[in-house]
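Structure assessment
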Amino acid sequence: MDILFVTSDPALASAVKGTLESARHTVSAASDVDSLAGAWPHGTPMDLVIIDDLSAHDLLDETRRSLSRLMDGKAGDGTGTAVRPRTLLLSTPPRTPKANPDDTPQVRRQTPLPTIRKTGRAKADGQAAPPSSLDGASSVPPIHADETIVKPFSDAELLSYAHALESGGAADETTLIHGDLMLDTRNRQAFYRSGKQPLALSAREYTTLETLIRANGEFLSFDELLEKVCGTGIFEQRDIMDGTLYSLTRKMRRMGFFITQRGHRYRIR
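I will try to describe carefully the structure that is included in this document. A quick note: this is a predicted structure, and the numbers were derived from the prediction, not measured.

Once that is clear, we can look at helix H1 (residues 10-22). Residues that lie three or four places apart on an α-helix share one face, since the helix turns once every 3.6 residues. Relative to the 18 Å expected for 13 residues at 1.5 Å per residue, H1 spans 18 Å between its end C-alpha atoms, a close match to the ideal helical length. The set of residues buried in H1 consists of Leu 12, Ala 13, Val 16, Thr 19 and Leu 20. Across the axial projection of H1, the buried residues extend over an arc of 140°, all falling on one side. The outward face of H1, more than 90 degrees from its buried face, is lined by the exposed residues Pro 10, Ala 11, Ser 14 and Ser 22. Lining the buried residues of H1 we find strand E1 (2-6), strand E2 (26-30), strand E3 (48-52), strand E4 (86-91) and helix H5 (155-166). You can read the cap of H1 off the contacts: a side-chain oxygen lies 3.0 Å from the backbone nitrogen of Ala 11, and it is on Asp 9. At the C-terminal side of H1, Arg 24 shows a positive phi close to 70°.

As C-alpha cells, then:
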C-alpha cells in the first residue's frame, strides 16, 4: 500500500515507517505542513493515511483539509473521481492523575479554594477546555478515522490494522484485533503477529477465544462461556468446557496472553 504517516514526532515516524516498510508498504512521513505538501501534493492518491493525534495543530488542520478536498472531489485531477484513503488514528490515552498523599479530607478543609478565572475557551465547570486534536478549528472539517489504535502498540498490532484496512475496509465485524492477535471471524481463524498461518485451535478453543475478546476486558462467567461454546443441557459439557479453557490458556500463555480467573469468571488480557 501507499501510506502517508502524519506525525510531529521524529522517533515515532522512524519506528512506524520502518515497521510498515518491513511489510513491503511504501511509506511517506510528514512532520510539518511543508513536508505534508511534498509527501501528498494536492491530495494525490493514497491507500492509507495514519495520523498521530499529538501532531502539531497546523499539521492536523492541513491533513483535514486534504482529506476534505478528496471527499469533495476537488483533489487530484479535479475530475471528481478522487477516492478518500482509509484513515488510522494513533490515539494517546488520557493520563491518570497520581494519587496525592496530602489530599485528605482534613487538608482539604484547611485549604482555601482557588479563584478560577473563566475565559472564552473555558468549560461550564471552569476548567480550560483543551482543543481536540481531531475536531480542529470550526472552519476545518473533522477527521473521522476508520480505525483507532491506542498507544502504546506493538509492531504486530500496527501491521494487523494495516492489513485489515488493506483487505477491504475497516476492521469490522469480520476482523477482531486484540494486541498481537487478529481473528478472522468469517473463516473462524486466529493469527499471531501478522503470521500467514492460522493458530492451531480447535473449534471450541476458537469460539472461546473470540467470546473472551469480544467481552473487551470484562469478566465472563463459566456458564456464559459454556452456553456460547457448548450449549446447555448435559453435565458432561461442563467437563468439555473445563478442558477447553485449560488447553486454550496454555496456548495463549506461550504467546504472552493470559486468561485470568476470578472465582468462576474469566477474561483475557
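To describe two helices that pack against each other, one gives the angle between their axes and the distance between the axes. Packing of helix H6 (residues 203-214) against helix H7 (residues 222-229) brings their axes to within 10 Å, and their N-to-C directions diverge by 130°. Comparing the axis directions of H6 and H7 gives the class oblique. Remark: the crossing between H6 and H7 carries right-handed chirality. Mapping the contact onto sequence places Arg 204, Thr 207, Thr 208, Thr 211 and Leu 212 in H6 and Leu 225, Lys 228 and Val 229 in H7.

What follows covers the layout of surface pockets. For the second largest pocket, the calculated volume is near 240 Å³. If you go around the second largest pocket, the residues you meet are Glu 157, Tyr 161, Leu 176, Ile 177, His 178, Gly 179, Ile 213, Arg 214, Asn 216, Gly 217, Ile 268 and Arg 269. Where the lining of the second largest pocket is concerned, the elements lending two or more residues are H5, strand E6 (175-178) and H6. Ranked by the residues each element gives to the lining of the second largest pocket, the list is headed by E6, at three residues.

What counts, and at which threshold
- Residues numbered from 1 in each chain as written.
- Predicted model: local features only at pLDDT ≥ 70, side-chain atom pairs only at ≥ 80, totals over all residues.
- Heavy atoms only, no water.
- Helix = DSSP H or I, 4+ residues; strand = E, 2+ residues; numbered from the N terminus.
- Expected span 1.5 Å × (residues − 1).
- Buried < 20%, exposed > 50% of the residue type's maximum accessible area, 1.4 Å probe, protein only.
- Arc of directions from axis to C-beta.
- Contact = heavy atoms within 4.5 Å.
- Polar contact = N/O pair within 3.5 Å; in protein donor to acceptor, adjacent residues only side chain to side chain.
- Axes fitted to C-alpha atoms, helices over the stretch in contact; angles between N-to-C directions.
- Parallel < 35°, antiparallel > 145°, perpendicular 65-115°, else oblique.
- Left-handed = near helix turned anticlockwise from the far one by under 90°.
- 1 Å grid on protein atoms, 1.4 Å probe; cavity = no way out; pocket = protein on both sides within 12 Å on 5 of 7 lines; lining within 4 Å.
- Points joined across faces, edges and corners; volume = space filled by probe spheres on them.

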